[in-house]
Amino acid sequence: MSAPLNLARRPFRNERLPGLAFALALAVLVAMTVRQAMVIVELLPSRTKARSAESAALEKEAADLRRTAATLRGPAPDKAALARWTAVKELVDRRAFRWTDLLFRLEGVLPKGVRLKAIAPRWERAGMRLTLTAVARTPLEGFELVQALEALPDFEDVLPTSKQPQEGAYEFAYEMRYLPREAR
């Protein structure tokens, strides 16, 4: 087979692509130069004087508003109304308390020889305080309840407050803070 016949005096070179790339780069350069010139014109002192004055006025107004807000005080609530609202809040808190959750948690940790006799909740600012009265067969079982309650994250500062012997059993009173998981 013979080589293809080439009658051209010089080899073909495609010069359109480099020329097109150069023209495109030149157009982008011109556009960026025009944009930069527009930004420089905007930053000239004659153009920024109005904005500087507006900014200074806004800063002065903000400082005046801060001073005014610092001197203002909200109206003091009426003591009778405050007492009523506190009572209403306590009633709502008591109504919203989930006894089933508390009893479920206590049931899960109650040792075999211990039974609950009374539960007395007391609502405080820091949360709820519980007073539990339980009857245990032995003092050891009564103290096992303290350890079981302390192991739960819902109960804090569990302290036995009294131990009284009864007929074949011991009555314990416990004091603790109760923080249900939902309240955390």
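Residues numbered from 1 in each chain as written. Predicted model: local features only at pLDDT ≥ 70, side-chain atom pairs only at ≥ 80, totals over all residues. Heavy atoms only, no water.

1. Notes on helix 4 (residues 99–109)
Rule in force here: Each residue is assigned to one of three classes by its accessible area relative to the maximum for its type, calculated with a 1.4 Å probe on protein chains only: buried under 20%, partly exposed between the two thresholds, exposed over 50%. A run of H or I in DSSP becomes a helix once it reaches four residues, and a run of E becomes a strand once it reaches two; helices and strands are each numbered from the N terminus. Picture the helix axis, draw a direction to every C-beta atom, and the arc is the one those directions span. By definition, residues are in contact when any of their heavy atoms lie within 4.5 Å.
Among the residues of helix 4, L102, R105, L106 and V109 are the ones counted as buried. The buried residues of helix 4 occupy an angular sector of 95 degrees when projected down its axis, which confines them to one face. Seen from the buried face of helix 4, the exposed residues on the opposite side, beyond 90 degrees, are T100, F104, E107 and G108. On its buried face, helix 4 sits against strand 1 (114–124), strand 2 (127–136), helix 5 (139–151), strand 3 (155–166) and strand 4 (169–178).

2. So, the confidence of the model for the chain
The test is simple: pLDDT gives the predictor's per-residue confidence on a scale running from 0 to 100.
For the chain, per-residue confidence averages 85 on the pLDDT scale, and residues scoring 70 or more make up 97% of the total. Summarising per-element confidence for the chain, the mean pLDDT is lowest in helix 3 (residues 79–96) (81) and highest in helix 1 (residues 16–42) (93).

3. A few points about the pairing of strand 2
To keep it simple, the criterion reads: For two strands to be treated as a pair, DSSP must find no fewer than two bridges joining them.
For strand 2, the buried fraction is high: 8 of the 10 residues fall into the buried class. Relative to strand 2, strand 1 runs antiparallel, the two sharing 10 bridges. Within the sheet, the bridge partner assigned to A118 lies in strand 2 and is T133. Between the antiparallel neighbours strand 1 and strand 2 lie 2 residues. Sheet topology places strand 2 next to strand 4; 9 bridges connect them, and they run antiparallel. Among the inter-strand pairings, L130 is bridged to a residue of strand 4, identified as M176.

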